[in-house]
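# Commentary on secondary and tertiary structure
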Amino acid sequence: MKLNRRKFVQSSVALGVATGLGTMPFNLSAKPKETTIKIGIIGLDTSHSPAFTKLFNAPNPKAELTGFQVVAAYPYGSRDIESSYKRIPEYTQQVQELGVRIVDSIEALLDAVDVVLLETNDGKPRLEQAREVIRAKKPFFIDKPVAANLADTLRIYQEARSAGVPIFSASSLRYLRNAQAARNEGKVGKVLACDAFSPATLETGHTDLFWYGIHGVEILFTVMGPGCESVTRFSAADQEVVVGTWTDGRIGTFRGMRSGKHDYGGIAFGSEGNLVLGSYEGYEPLVLKIAEFFKTGKSPVDDAETLEIYAFMEAADESKRKGGEKVLLRDFFPA
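Residues numbered from 1 in each chain as written. Predicted model: local features only at pLDDT ≥ 70, side-chain atom pairs only at ≥ 80, totals over all residues. Heavy atoms only, no water.

## Some thoughts on the overall build of the protein chain
Just so we agree on the cut-off: Helix and strand assignments follow DSSP, with helices taken as H or I runs no shorter than four residues and strands as E runs no shorter than two, numbered in order from the N terminus. Only protein chains enter the area calculation, which uses a 1.4 Å probe; residues under 20% of their type maximum are buried, those over 50% are exposed, and those in between are partly exposed. Whether two residues touch is decided by their heavy atoms; if any such pair falls within 4.5 Å, the residues are in contact. Note on areas: Shrake-Rupley, 1.4 Å probe, and residue coverage restricted to the protein chains presented here.
Per the secondary structure count, the protein chain includes 12 helices and 13 strands. Scored against the burial criterion, the 335 residues of the protein chain give a buried share of 55%. In the protein chain, the proportion of contacts linking residues at least 24 apart, taken out of those at least 6 apart, comes to 75%. Put simply, the protein chain shows about 14000 Å² of open surface, and 49% of that area lies on carbon and sulfur atoms.

This is the structure we're talking about:
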């Protein structure tokens, strides 16, 4: 859905959505050292929920995770996506075995915790769930996809910013070691281009790439950085190729697969060499960043970059509707 650009620009300026969260009135590291930062989970319909809980609630956690405890969880979650809701009983049992109390409402959860992991796998209820967290003034990590479409994604970020509530979202694929090395450590010199790939299964009610293509798109943006100007999408029954052109003339591509091996990765091309980005490396690097975010109240990823990722995917849908025509991102998210 194309947004009214003038209206969005006005609201973005008013709320500061394109300038990052800045300094927020939250600093949980200021709590006494002996006080545990209590985490609540919304959504037990994704494997992320027990996986993150295992890391935070480990008997001997990594030093960066010391002082955190997942204490409560609200199971829902999707109520209409079978691949999600059928997993709720299993994941509920798993987190209970890790000492997590199951509650019957988000309101009850928010009364018991300091910070929130919004993990609901289904993007459709995310806006209403996020609004409850924002009203409670709880900093929150919101897992992929932020929402089912760009409009809801923008609303979540705008309302969090307006309320002064810290928000952070990222795929675990952002923290591939080689992707970070290409972006932040000069591993290939100046980044000239990137080809990234991931599964791209589809789910009704979601912008196509939001459901699973988000992982590969985030790899692409991790390496290239923000500044994509236009998108062209080529679609077939079992795969997608999206070509993005950046404002400085660089080209990045995302390939999404719906058949073949379920895998993630890419190649960064640079002025001093090329680098294979490697495969999925687990959740721990992301969870360490979440812990840092909960302590500081500052997102490790600028919110403008996160929103540009979602605009890229929404623009890719528009390109598909137009038979592969080039679509400008500025029509969806102003630079």
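## Here's the deal with the confidence of the model for the protein chain
The condition is simple: A residue's pLDDT is simply how confident the predictor is in it, with values from 0 to 100.
Across the protein chain, pLDDT averages 91, with 89% of residues at or above 70. When the criterion is pLDDT under 50, residues 1–25 qualifies, and its contacts beyond four places in sequence or with other chains add up to 50 contacts.

## Details of the nonpolar core
Heads up, the condition is: Here the nonpolar core consists of buried residues drawn from Ala, Val, Leu, Ile, Met, Phe, Trp, Tyr and Cys, with membership extended through side-chain atoms lying within 4.5 Å.
In this structure, Phe140, Ile156, Phe312 and Met313 are the most contacted members of the largest nonpolar core, which totals 64 residues. Take this core: its biggest share by element is 8 residues, from helix H12 (residues 303–321). The residues touching Phe312, leaving out its near neighbours within four places in the chain, are Val217, Leu220, Phe221, Cys228, Val231, Val242, Gly244 and Leu329. Residues Phe56, Leu65, Val115 and Val287 belong to the second largest nonpolar core, which totals 28 residues.

## Overview of the layout of surface pockets
How we decide: Using only the protein atoms, space was sampled on a 1 Å grid; points where a 1.4 Å probe fits but cannot get out form cavities, open sets with protein on both sides within 12 Å along at least five of seven lines form pockets, and lining residues are those with an atom within 4 Å of a point. Grid points are joined across faces, edges and corners, and a volume is the space filled by probe spheres set on the points. When residue character is reported, Ala, Val, Leu, Ile, Met, Phe, Trp, Tyr, Cys and Pro are called nonpolar, Asp, Glu, Lys and Arg charged, and the others, Gly included, polar.
A volume near 310 Å³ is recorded for the largest pocket. The residue inventory of the lining of the largest pocket, partitioned by class, reads 6 nonpolar, 7 polar and 2 charged.

## Re the sheet that holds strand S5 (residues 140–142)
Rules: Here a strand pair is declared whenever DSSP counts at least two bridges between the two strands. Axes here refer to lines fitted to C-alpha atoms; in helices the fit is confined to the stretch in contact. Angles between the N-to-C directions go from 0 to 180 degrees.
Spatially, S3-S2-S1-S4-S5-S6 is the arrangement adopted by the 6 strands of the open sheet, whose pairing is parallel. What marks the edges here is a single partner per strand, and that holds for strand S3 (101–102) and strand S6 (167–168). For strand S1 (residues 37–42) and strand S4 (residues 115–118), the ladder comprises 4 bridges, and the chain directions are parallel. Along S4, the bridge assignment pairs Ile39 with Val115. Packed onto the sheet, helix H11 (residues 284–296) meets S1, strand S2 (68–74), S4, S5 and S6 and runs at close to 145 degrees relative to S5.

## A few points about the environment of Leu55
Here Leu55 shows up in helix H2 (residues 48–56). C-alpha of Leu55 to C-alpha of Gln69: the two residues are 14 residues apart in sequence and 9.5 Å apart in space. When sequence neighbours within four positions are dropped, the list of residues in contact with Leu55 reads Pro61, Leu65, Tyr283, Glu284 and Val287.

## Quick look at the sheet that holds strand S8 (residues 228–236)
Spatially, the 7 strands line up as an open sheet ordered S12-S11-S7-S10-S9-S8-S13, and their pairing is mixed. Each edge of the open sheet carries a strand with a single partner, namely strand S12 (273–276) and strand S13 (327–328). Looking at chain direction, strand S11 (residues 265–270) and S12 are connected through 4 bridges and run antiparallel. Each residue of the ladder has a partner; that of Gly270, found in S12, is Gly273. Here helix H10 (residues 214–224) sits on the sheet in contact with strand S7 (191–199), S8, strand S9 (239–246), strand S10 (251–257) and S11, set at roughly 165 degrees to S7. Here H12 sits on the sheet and contacts S8, S9 and S13; the angle it forms with S8, its principal contact strand, is near 50 degrees.

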